[in-house]
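Observations on the model geometry
Next come the chains, spelled out residue by residue.
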Amino acid sequence: MAEDQSTRDRVRALVRDVLSKIPPEQTSSADTVDTKPPSEPARSTRFIDTAPASNPTQSPITRDESSKMVITEDDVRGLESGAVLRIAEGARLTPLAADLVREQGIEIVRRQSRRGSHAAKMIAVGADHGGFRMKEDLKAFLSELGHRVHDFGTNSEDAVDYPDFAYAVARAVSEGNAELGIVIDGAGVGSAMTANKVPGVRAAACYSVEVARNSREHNGANVLTLGSKTITNDQMHEIVRAWLATEITEDRHKKRVAKIEAIERQYQR
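What you are looking at is a predicted structure, and each value in this text was computed from that prediction instead of being measured.

Another point: the overall build of the protein. A tally of regular secondary structure across the protein gives 9 helices and 10 strands. Per-residue burial over the protein gives 35% buried out of 269 residues. In the protein, 62% of the contacts between residues at least 6 apart in sequence involve partners at least 24 apart.

Structural data, given as structure tokens:
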């Protein structure tokens, strides 16, 4: 037994001696793990990044002409190269104004609409004999903007009474058959007086873009009255465009309109 143990000890010693003479195993380059990922060429992908680069440092507005729907060369003249001009969302530049913008490298920033101005609406329209021709032009303009139109007349230049048509339009708005109403007579005043007798109607006689926008943003007007003898068809287009593109959004204005409605309810039977 002692001899067998001695033999085993000699074998173990021999194995250790052989193993000690074997060089360390060399790992192949293919098996080497680099803790630093190698730079890779850009991979092709079927996706396209369509998001525009962000501009965290937007240039400040140099001049604000967002109250106008037509920008002329006078509105642009005097701005330095690289200036920033803010205009209304639907505003148009005259050819001379556009030339100045290009020559001076002026940046145009369009004021975002505070409202769903592009949503198609059902609009009731009406006019007396003095507003008939402008009403016909208005209908075509509203259709171009994508709105639906309900025409309550009149249908000729034969003499009629404006309260009849102002009432028909106002009633359509009050009863929910139309979202908004537009009435045209000679001055726009009598139709506004008539329409405002109908519960739920807030009619505004407007003669400029600024007044039209204010009547919607501050007073929540839902009927617009116009005077065919006080404005041109082109002016009518700009007023109507601005009026439709504006909505009451701020709580302070809504609170004041609520007071108007509260007064109206006091006199309803």
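A word on the environment of Arg241. Checked against the element boundaries, Arg241 lands in helix 8 (residues 233–244). Note on Arg241: relative accessible area 22%, which makes it partly exposed. Distance in space between the C-alpha atoms of Arg241 and Ala212 is 9.2 Å, their sequence separation being 29 residues.

Membership of the largest hydrophobic core comes to 24 residues, with the highest contact counts inside it found for Ile182, Leu226 and Val240. At the level of secondary structure, the elements contributing two or more residues to this core comprise strand 6 (122–127), helix 4 (132–144), strand 8 (180–185), helix 7 (209–217), strand 10 (223–227) and helix 8. In terms of residues, this core owes the most to one element, helix 8, which gives 6 residues. Discounting chain neighbours no more than four positions away, the residues touching Val240 are Leu138, Phe141, Leu142, Ile182, Leu224 and Leu226.

What follows covers the pairing of strand 7 (residues 148–151). Across 4 bridges, strand 6 lies against strand 7 in parallel orientation. Note on strand 7: the bridge partner recorded for Met122 is Arg148. Between strand 6 and its parallel partner strand 7, the chain crosses via helix 4, and the hand of that crossover is right-handed.

Attention shifts here to the sheet that holds strand 10. Strand order in the open sheet formed by 5 strands is 7-6-8-10-9, and the pairing between neighbours is parallel. Both edges of this open sheet fall to strand 7 and strand 9 (203–205), since each of them pairs with a single strand only. Ignoring strand direction, the axes of neighbouring strands in this sheet form an average angle of 25°. Here strand 6 runs beside strand 8; their pairing, made up of 5 bridges, is parallel. Looking at the pairing, Ile123 lines up with Leu180 of strand 8.

In this section: helix 8. In a regular helix each residue adds 1.5 Å, so 12 residues correspond to 16 Å; helix 8 covers 16 Å between its end C-alpha atoms and thus fits that length. Every buried residue of helix 8 is accounted for by Met236, His237, Glu238, Ile239, Val240, Ala242, Trp243 and Leu244.

Turning next to the side chain of Asp75. Position of Asp75 among the secondary structure elements: in helix 2 (residues 73–76). A polar atom in the side chain of Asp75 sits 2.9 Å from the backbone nitrogen of Thr72. Aside from chain neighbours lying at most four places away, what touches Asp75 is Arg63, Glu65, Lys68 and Val70.

In this section: the packing of helix 7 against helix 8. Where helix 7 contacts helix 8, the two axes come as close as 8 Å, and the packing angle between them is 20°. Here helix 8 runs roughly parallel to helix 7, going by the angle between their axes. You can see that helix 7 and helix 8 cross each other, and the crossing is right-handed. Taken together, the residues of helix 8 that come into contact with helix 7 (itself represented by Val209, Ala212, Arg213, Ser215 and Arg216) are Glu238, Ile239, Ala242 and Trp243. Looking at the contact of helix 7 with helix 8 residue by residue, the class counts come to 5 nonpolar, 1 polar and 3 charged.

A separate point is unusual backbone geometry. Of note, the amide linkage connecting Gly153 to Thr154 takes the cis form, showing an omega dihedral of 5°. Turning to its location among the elements, Thr154 is positioned in the loop between strand 7 and helix 5 (162–174).

Time to look at the pattern of salt bridges. For the structure shown, the criterion picks out 12 salt bridges. Arg171 serves as the salt-bridge partner of Glu175, at 2.8 Å between the closest nitrogen and oxygen. On the basis of relative accessible area, Glu175 is assigned to the partly exposed category, the value being 47%. Close ionic contact of Arg202 with Glu261 constitutes a salt bridge, the shortest N to O distance being 3.2 Å. Of this pair, Arg202 sits in the loop between helix 6 (189–195) and strand 9 while Glu261 sits in helix 9 (residues 251–266), and the two are 59 residues apart along the sequence. What emerges from the salt-bridge pattern is a single network uniting Lys135, Glu136, Lys139 and Asp151.

Rules and cut-offs
- Residues numbered from 1 in each chain as written.
- Predicted model: local features only at pLDDT ≥ 70, side-chain atom pairs only at ≥ 80, totals over all residues.
- Heavy atoms only, no water.
- Helix = DSSP H or I, 4+ residues; strand = E, 2+ residues; numbered from the N terminus.
- Buried < 20%, exposed > 50% of the residue type's maximum accessible area, 1.4 Å probe, protein only.
- Contact = heavy atoms within 4.5 Å.
- Core = buried A, V, L, I, M, F, W, Y, C linked by side-chain atoms within 4.5 Å.
- Pairing = 2+ DSSP bridges.
- Right-handed = clockwise from strand over helix to strand, strands pointing away.
- Axes fitted to C-alpha atoms, helices over the stretch in contact; angles between N-to-C directions.
- Expected span 1.5 Å × (residues − 1).
- Polar contact = N/O pair within 3.5 Å; in protein donor to acceptor, adjacent residues only side chain to side chain.
- Parallel < 35°, antiparallel > 145°, perpendicular 65-115°, else oblique.
- Left-handed = near helix turned anticlockwise from the far one by under 90°.
- Nonpolar A, V, L, I, M, F, W, Y, C, P; charged D, E, K, R; others polar.
- Salt bridge = Lys/Arg side-chain N within 4 Å of Asp/Glu carboxyl O.

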